[in-house]
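Structural characterization, general
Each chain, written out:
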Amino acid sequence: MPDSDKGLRGVVAVNSGITSIDGERGILRYRGYDVGDLVEHCCFEEVCFLLLYGELPGAGELATFREDLLAARTIPTEVEAVVDDSAHYARPMEAMRSMGSALSFSDPDKASNAPDANLRKATRLVSQLPTVMARYRRRYYGLEPVQPDPELDYAANFLWMLRGEMPSEEDARVLDAVSILHADHEMNASTFAARVIAATCTDMHSAIVGAIAALKGPLHGGANEWVMATLKKIGSEDKVEAWVDDVLDRGEKIPGFGHAIYKVTDPRAIILKEIGRKAFERADPIEPNWFAMTELMERRVFERKGLVPNVDLYSASVLYSLGFPIDLLTALFAANRVAGWAAHVIEQHSDNRIIRPTINYIGPPARELPVSQERA
Ligand SMILES: CC(C)(COP(=O)(O)OP(=O)(O)OC[C@H]1O[C@@H](n2cnc3c(N)ncnc32)[C@H](O)[C@@H]1OP(=O)(O)O)[C@@H](O)C(=O)NCCC(=O)NCCS
């Protein structure tokens, strides 16, 4: 197998009408709409609807979709018990992985892969994962869980349940924008995992659990936690350059840089950088200034390796500044990405063939089995 084929680069795995990427020009579109335009003009709920149903919602459709999302925000009591228990011994992404499964236990549509059942399950998962995550975190800190507020939209409610205090409009808008940028990303590792699982004709929740497991890895969604932990380890702006040089001289990777598809720029990183710049300008000055450190890192990595940031570089400090602790960053990504995963599961089920690639065998040639005495 040539090295260029390793990791299936350039291999077309499925027909898909959900998300497209032009890696040469740094363009990302959901259902044909530029992601920057969606961030500017739409809310996360509209983008979820777009991903799941194929078109932006009209006013009536959005109102109904919002009602469906609201109805699903409160999680079943048996799942609450699992969340409360896991907060004592599971890491956040372990908990998310397990909750993706637990949420199927009493799901009324769990036995059906029909499009309408899949859409209902997808809608529930979009609402349930933030509730699960916020409850887990509050229990972890020994705090009472905060019940969802039906007056708040997705992003504001997420922050409310996590912090236990009403977020500012600006903070909610920042989280809304980040959530849109996280919502889907073509045939990335976790989405591919979801589609491979869905293609066996198993259920939506099983595919989502597999996707969460794939996202957890540091080369994928886990990179946002790695970025923030790195910034904290470096500690201050004056140490960034030497740190970058040291890591690159040792031939190691720096989180938040590089991408399998984008060759010039990851458009999400450009948008997130602007969101980060404005958020840090608005906020009271903090030391260390994570945004300034990230910019310095970006400059030095580009000078040394010509690598540009990916989605995780600036999202890390933006989300950390919103109050998401480091070990919750990938879980937040998962909660946002479930919309995209679910859209891909629905698409896979609608035109399915089991995904079964092959290998380039490099093991021993055919040989005789030694008789047992000789082996002994
Ligand atoms: C995203 C990623 C997995 C893509 O991997 P890939 O397409 O297989 O690219 P490779 O790992 O083969 O990298 C190609 C070259 O760039 C270098 N490179 C890629 N990302 C790098 C990084 N973050 N830091 C330093 N060097 C990097 C590799 O060392 C390699 O150099 P070489 O050709 O001299 O050996 C990879 O860039 C990475 O590990 N990034 C850090 C983790 C991360 O931020 N993940 C989130 C992705 S959204």
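Here the structure is a predicted model, which is why all the values come from computation and not from measurement. (Residues numbered from 1 in each chain as written. Predicted model: local features only at pLDDT ≥ 70, side-chain atom pairs only at ≥ 80, totals over all residues. Heavy atoms only, no water.)

**Description of the overall build of the chain**
Across its full length, the chain holds 17 helices and 3 strands. For the chain, the C-alpha radius of gyration of 22 Å lies close to 21 Å, the compact-globule estimate for 376 residues. Reported as C-alpha extents along the three principal axes, the dimensions of the chain are approximately 75 × 55 × 45 Å. Each of the 376 residues in the chain was classed as buried or not, and the buried ones make up 52%. Considering only residue pairs separated by 6 or more positions, the chain has 73% of its internal contacts joining residues 24 or more positions apart. Across the chain, the centroid of the 41 positively charged side chains sits 6 Å from that of the 55 negatively charged ones. (Helix = DSSP H or I, 4+ residues; strand = E, 2+ residues; numbered from the N terminus. Rg over C-alpha atoms; globule rule 2.2 N^0.38 Å. Buried < 20%, exposed > 50% of the residue type's maximum accessible area, 1.4 Å probe, protein only. Contact = heavy atoms within 4.5 Å. Lys, Arg positive; Asp, Glu negative; His and termini not counted. Charge placed at Lys NZ, Arg CZ, Asp CG, Glu CD.)

**Comments concerning the nonpolar core**
Grouped burial of nonpolar side chains is what soluble globular proteins tend to show. Of all hydrophobic cores here, the largest spans 101 residues; its most connected members are Tyr-30, Met-96, Met-133, Leu-175, Ile-254, Met-297 and Phe-324. In terms of residues, this core owes the most to one element, helix α16 (residues 329–350), which gives 13 residues. Two domains each put at least three residues into this core: domain 1 (16–216 + 335–350) and domain 2 (223–321). Ignoring sequence-local partners within four residues, the contact set of Tyr-30 consists of Ile-18, Thr-19, Val-35, Leu-38, Val-47, Leu-50, Leu-51, Ile-180, Leu-181, His-182, Ala-183 and Asp-184. (Core = buried A, V, L, I, M, F, W, Y, C linked by side-chain atoms within 4.5 Å. Domains from an automatic or database assignment.)

**Some remarks on the site of the ligand**
Looking at the ligand, there are 20 residues lining it, with Arg-9, Lys-253, Ile-254, Gly-256 and Phe-257 nearest. A distance of 2.9 Å separates an oxygen atom of the ligand from a polar atom in the side chain of Arg-9. Contacts to the ligand include Gly-256, whose backbone N or O atom sits 2.8 Å from an oxygen atom. Taken by itself the ligand offers 850 Å² of open surface, and the protein chains cover 64% of this. When its residues are assigned to classes, the shell around the ligand shows 10 nonpolar, 5 polar and 5 charged. (Near = heavy atom within 4 Å. Polar contact = N/O pair within 3.5 Å; in protein donor to acceptor, adjacent residues only side chain to side chain. Areas by Shrake-Rupley, 256 points an atom, 1.4 Å probe, with all protein chains shown as cover. Nonpolar A, V, L, I, M, F, W, Y, C, P; charged D, E, K, R; others polar.)

**A word on the sheet that holds strand β3 (residues 33–34)**
Pairing in this open sheet of 3 strands is antiparallel, and the strands run β1-β2-β3 from one edge to the other. Single-partner strands in this sheet number two, and they are β1 (19–22) and β3. By the bridge criterion, 4 bridges tie β1 to strand β2 (residues 27–30) in an arrangement that is antiparallel. By the bridge assignment for β2, Ser-20 is matched with Arg-29. (Pairing = 2+ DSSP bridges.)

**Notes on the domain arrangement of the chain**
A common way to express how large an interface is: the accessible area buried when the components associate. When the domains of the chain are assigned, the result is domain 1 (16–216 + 335–350) and domain 2 (223–321). The C-alpha-based centres of domain 1 and domain 2 are spaced at 26 Å. Summing the contributions of domain 1 and of domain 2, the shared interface buries around 1,500 Å²; its carbon and sulfur component is 73%. Considering only the side of domain 1, the residues that lose the most area to domain 2 are Val-174, Leu-181 and His-185, jointly responsible for 29% of the buried surface there. (Buried area = accessible area lost by both parts, 1.4 Å probe.)

**As for the packing of helix α8 (residues 169–182) against helix α15 (residues 311–321)**
α15 packs onto α8 with a crossing angle of 155° between their chain directions and a minimal axis gap of 11 Å. Taken together, α8 and α15 sit at an angle that is classed as roughly antiparallel. Note that α8 runs across α15; the crossing there is left-handed. Counted together, Val-174, Leu-175, Val-178 and His-182 of α8 and Val-311, Ser-315, Val-318 and Leu-319 of α15 form the full contact between these two elements. (Axes fitted to C-alpha atoms, helices over the stretch in contact; angles between N-to-C directions. Parallel < 35°, antiparallel > 145°, perpendicular 65-115°, else oblique. Left-handed = near helix turned anticlockwise from the far one by under 90°.)

**Some details on the state of the cysteines**
In the structure shown here, the tally under the stated rule is 0 disulfides. This cysteine, Cys-42, is not joined by any disulfide, and Cys-43 carries the nearest cysteine sulfur, 7.0 Å off. With a relative accessible area of 11%, Cys-42 lands in the buried category. (Disulfide = S-S within 2.5 Å.)

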